[in-house]
Amino acid sequence: MPKPDDGSYNLKQSVPSLPYVLGRTKKGSDYVFLEEVGGVAYHIMVWAGHRIQGYVQHYLHDDKVTLNVDGGVTDPGHYDKDGVSFVHIKTKLGLNAETAHSEVVTAFPTIWNNNCRGDGLASVMMKVATVDKKEFLDVFPNQMPEHSAVGDGARLYDPRKDSTQAGGSGSHRYTNQNTWEFSKNLSLMRLWHLCHPVGGKMSYENMHLPDWANAANVCDQNVTNRTGGTEKRYHGGFWFRASNDPIEVGRIMDEAAEMVVYERADGKIGVHAGEFVTPDVRLTANSIFSIRVDKNKRRANTVLGVRGRYVNTAKDYITEDAAIYGDPYAVVDDNTERTRTFENAAIQSHNHCQRKQKLTFVRANARKVSVVADYTADGVRDIPYRRFVTVHYPSRGLAEATVEITSSVTIDLRNMRISFSGILVSPSLYDFNAATEEGEPGESVEPLPDSGVPVPVDFAASIQTEVVSGGATAAYINATWDFVASTLTYELEYDRTSGSTGVQSVFSVAGATQVRSGYLVDGEEYRVRLRAWGGGSKSEWTDYVLLTATADPVAPGPVTGVSVTPSAGQAEFQWTAPNSANYFACRIYINTVNDLGTATLAATEYGPPSATDLRVVTSLTAGTYYAWLRSINPSGVEGTAVATGSFVVT
């Protein structure tokens, strides 16, 4: 039998047998098609070999995914970049007459056409697009996505909803599967399995349907769990393959729902539901040839506790340990069987598992009885069709004792005797007080979400200069950050805010805490940011930092010999450039008030150091003006301002 966890990944066999899903469960799919064209991979996978009710939740690897109306994966966000989904998922329910996946027909018309419908196969089509290699591990951190899904499986016939059956009411007909409905009821699953070619290969006409209707009612009974909520007594879900032993598949359902399937006297197949029924067969000393009572008090056979395992639907259908029923740490001796383990793939509730653990505990420690009775006594011939009988044999300590038959009933017609074995139980066998008996399950390990590559810490960037050939200086950006891990490298990106050149980037060496850019254009403003790389993936960018490139931060000396000669509508300025090797030009600022801070740059005159220079500023209206002259170096760093004083333009 496949374990529930076996469905957590895609099974890629050459020709797998068909999978069957009963109830709600999580599983992977079997590949029937995987091809690539134009950088897009197309996967077609069969989730179930029959019609299903529907898909509840899709997974890629271990991540739940959210789909948009077009089937595109929008969450987790790494599958969606700038509103473009790189993974699309579309499904088919497995109708009797399905339609082919149109995207695959369009992409591969020579090998996949509209006749490739997949009739009766619940399938999933997953389309995965290629991304840029720099983005690959961000979009696909686990390489090619592996699909699995939680879904509601086969639709089942319910005799309670069939108006043609005694006590039934509704449109269900076992001859028309289109009238059936989805259910998690374990007895209905068992009925389906007995009548399906993959199971018992029987017909519904051979089933004693009143028994099955009663079992379905028992499975649908409400029980109270430890939190005070209600749930159904015997509901669950699991999946299996057509190649699995049908006896083993049936045992899983019988065990989970406490059912006993038997053949009635009329040849039909009935079922004892998972409930206590007051016995209507009573054996006394007069009708018993022999009886053996084993009090089951041997320490080596005493079970102190029962460990249980069930499928936790709240935690992505993983198999978890339930609370231990009993006290496995009680001191008896080293030969004592301290614990017994109960596990069933169809049980999906902690309360359900605990109830089964209690029954396992009770039956393991119950007194055992073997009886050989007179086949001609009153009521004895009904024993093969009963689950509980009453045995009254006071001399052996059995006073109106209830026996649950646990073996096959043997009939010896030569000697007219009937024999069976069982255990002594009480009418409260199925009673369960969740508040005091269920216990609390242990904590399970929850995987931490992938935090990705960390964003750089304490990122700082500054303009630095260095002397290059010919004695000139050049500016570059030096970026620093805090050390995080020796495996990380960092990418520094910078470009002009004017957009006149493209984006440039440089990478650090692994484990470094700084990196420098190439030489910058002197006087230009740049925007700078940083991100980390590790394992082929990258972090988010830091915020931009704005910097102005300054190759020469040293200001030249001030101009000297400043004078101004105003005239009609203009003024002539004269000065002598400083004897500074980095002198580049003189800027002239003019204002109508004596305030350099609000003055306007009127002109820039370029020239060599130590030279006498002049510049005429025109287009001045009549009035009083103030002017300041400032030397600058090639990087635009200004020297001390020299005022001309006031002057009047006519």
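In the block above lies the structure referred to throughout.
Residues numbered from 1 in each chain as written. Predicted model: local features only at pLDDT ≥ 70, side-chain atom pairs only at ≥ 80, totals over all residues. Heavy atoms only, no water.

## Focus: the overall build of the protein
Going by this rule: Put simply, DSSP H or I for four residues or longer makes a helix, DSSP E for two residues or longer makes a strand, and each gets a number counted from the N terminus. For every residue, the accessible area (1.4 Å probe, protein chains only) is compared with the maximum for its type, and the residue is labelled buried under 20%, exposed over 50%, or partly exposed between those bounds. Here, two residues are considered to be in contact whenever any of their heavy atoms come within 4.5 Å of each other. All accessibility values rest on the Shrake-Rupley procedure with a 1.4 Å probe; residue burial counts only the protein chains present in the view. Only four residue types enter the tally: Lys and Arg on the positive side, Asp and Glu on the negative side; His and the chain ends are excluded. One atom stands in for each charge, and that atom is NZ of Lys, CZ of Arg, CG of Asp or CD of Glu.
Along the protein, the regular secondary structure elements total seven helices and 45 strands. Oriented by its inertia axes, the alpha-carbon framework of the protein measures out at about 145 × 65 × 45 Å. Here the protein, with 650 residues, has 46% of them falling under the buried criterion. Within the protein, residue pairs in contact and separated by at least 24 positions form 66% of the contacts whose partners lie at least 6 positions apart. On the protein, roughly 31000 Å² of surface is accessible, and the fraction owed to carbon and sulfur atoms is 48%. For the protein, the separation between the mean place of its 60 positive charges and that of its 74 negative charges on side chains is 11 Å.

## Examining the packing of helix H3 (residues 186-194) against helix H4 (residues 209-219)
Note the threshold: Between N-to-C directions, angles cover 0 to 180 degrees, with each direction set by a line fitted to C-alpha atoms, over the stretch in contact for helices. Throughout this entry, Asp, Glu, Lys and Arg are counted as charged residues, while Ala, Val, Leu, Ile, Met, Phe, Trp, Tyr, Cys and Pro are counted as nonpolar. The remaining residues, Gly among them, count as polar.
Relative orientation of the contacting elements H3 and H4 amounts to 145°, with a least axis distance of 7 Å. On H4, the residues that touch Leu186, Ser187, Leu188, Arg190, Leu191 and Leu194 of H3 are Leu209, Trp212, Ala215, Ala216 and Cys219. Split into classes, the residues belonging to the contact of H3 with H4 amount to nine nonpolar, one polar and one charged.

## Quick word on the sheet that holds strand E5 (residues 54-60)
Adjacent strands of a sheet pair through backbone hydrogen bonds, lying either parallel or antiparallel. Rules: Being paired, for any two strands, means DSSP has found at least two bridges between them.
Read across the open sheet, the five strands follow the order E2-E12-E5-E6-E7; overall the sheet is antiparallel. Each end of this open sheet is capped by a strand with a single partner; those strands are strand E2 (24-28) and strand E7 (73-75). When the angles between neighbouring strand axes are averaged without regard to direction, this sheet yields 40°. Taken together, the two bridges between strand E6 (residues 63-67) and E7 define a ladder with antiparallel strand orientation. Residue pairing across strands places leucine 67 opposite valine 73, the latter belonging to E7.

## Section: the side chain of threonine 360
Mapped onto the elements of the fold, threonine 360 is located in helix H6 (residues 350-365). Given the relative accessible area of 18%, threonine 360 is considered buried. Beyond its immediate sequence surroundings of up to four residues, threonine 360 is in contact with Val306, Arg340 and Phe342.

## Some details on empty space enclosed by the protein
The condition that has to hold: A pocket here means an open set of points on a 1 Å grid, computed over the protein atoms alone, that has protein on both sides within 12 Å along at least five of seven lines. A cavity is instead a set of points where a 1.4 Å probe fits but cannot get out; residues with an atom within 4 Å of a point line either one. Grid points are joined across faces, edges and corners, and a volume is the space filled by probe spheres set on the points.
Evaluated as defined, the whole model comprises two cavities of 30 Å³ or more. Arg233, Tyr234, His352, Arg355, Lys356, Lys358, Leu359, Leu429, Tyr430, Asp431 and Phe432 together form the lining of the largest cavity. Here the residues of the lining of the largest cavity are counted per class, giving five nonpolar, one polar and five charged.

## Topic: H3
The element H3 is largely enclosed, with a buried count of nine among its nine residues. Here H3 has its buried residues at Leu186, Ser187, Leu188, Met189, Arg190, Leu191, Trp192, His193 and Leu194.

## Topic: unusual backbone geometry
Negative phi values dominate among residues other than glycine, just as trans dominates among peptide bonds. Going from aspartate 75 to proline 76, the amide bond is cis rather than trans, its omega being 5°. As for its position among the elements, proline 76 is in the loop between E7 and strand E8 (80-81). Backbone geometry places histidine 61, a non-glycine residue, at a positive phi of 55°. Along the chain, the position of histidine 61 falls in the loop between E5 and E6. Judged by its relative accessible area of 15%, histidine 61 is buried. Of note, aspartate 458 is a non-glycine position whose phi angle comes to about 55°, a positive value. Relative to the assigned elements, aspartate 458 resides in the loop between helix H7 (434-437) and strand E31 (460-467). For aspartate 458, a relative accessible area of 54% gives the class exposed.

## What about the environment of valine 467?
Looking at the element boundaries, valine 467 is found in strand E31. Excluding residues within four positions of it along the chain, valine 467 makes contact with Ala472 and Thr473.

## Some thoughts on the sheet that holds E31
Across the sheet, three strands lie side by side as E31-E32-E35; this open sheet has antiparallel pairing. Looking along the sheet, the strands with just one partner apiece sit at the ends: E31 and strand E35 (514-516). Adjacent strand axes in the sheet meet at a mean angle of 30°, parallel and antiparallel pairs treated alike. One ladder, built from eight bridges, connects E31 with strand E32 (residues 473-480); its direction is antiparallel. Paired with glutamate 466 across the two strands is alanine 474, which belongs to E32.

## Some details on the pairing of strand E33 (residues 489-496)
With seven of its eight residues buried, E33 lies for the most part within the structure. Sheet topology places E33 next to strand E36 (residues 525-534); eight bridges connect them, and they run antiparallel. In the sheet register, arginine 496 faces E36, and the bridge partner there is tyrosine 526. In terms of strand pairing, E33 meets strand E34 (residues 504-507) through four bridges, oriented antiparallel. Bridge pairing links leucine 492 to valine 506 in E34.

## Observations concerning the pattern of salt bridges
What counts, and what does not: A pair is scored as a salt bridge if a Lys or Arg side-chain nitrogen falls within 4 Å of a carboxyl oxygen belonging to Asp or Glu.
Following the criterion strictly, the structure yields 36 salt bridges and no others. A network of salt bridges, in which partner residues are shared, links Glu258, Lys356, Arg363, Arg387 and Glu404.

## Concerning the packing of aromatic side chains
Inclusion rule: Two aromatic rings from Phe, Tyr or Trp, using only the six-membered ring of Trp, form a pair when their centres are within 6.5 Å; if the ring planes differ by under 30 degrees the pair is stacked, by over 60 it is edge-to-face, and anything between is tilted.
Considering all chains together, one arrives at 22 aromatic pairs under this definition. When the ring of tyrosine 157 is compared with that of tryptophan 180, the centres are 6.2 Å apart and the planes differ by 50°; the resulting orientation is tilted. Within this pair, whereas tyrosine 157 is found in the loop between strand E13 (155-156) and strand E14 (181-182), its partner tryptophan 180 is found in the loop between E13 and E14, the two being separated by 23 residues in sequence. In terms of burial, tyrosine 157 and tryptophan 180 fall into one category: buried. Between tryptophan 481 and tyrosine 490, the ring centres sit 4.4 Å apart and the planes meet at 35°, which makes this aromatic pair tilted. Classification of tryptophan 481 as buried rests on a relative accessible area of 4%. Take tyrosine 490: its relative accessible area is 2%, and that puts it in the buried class.

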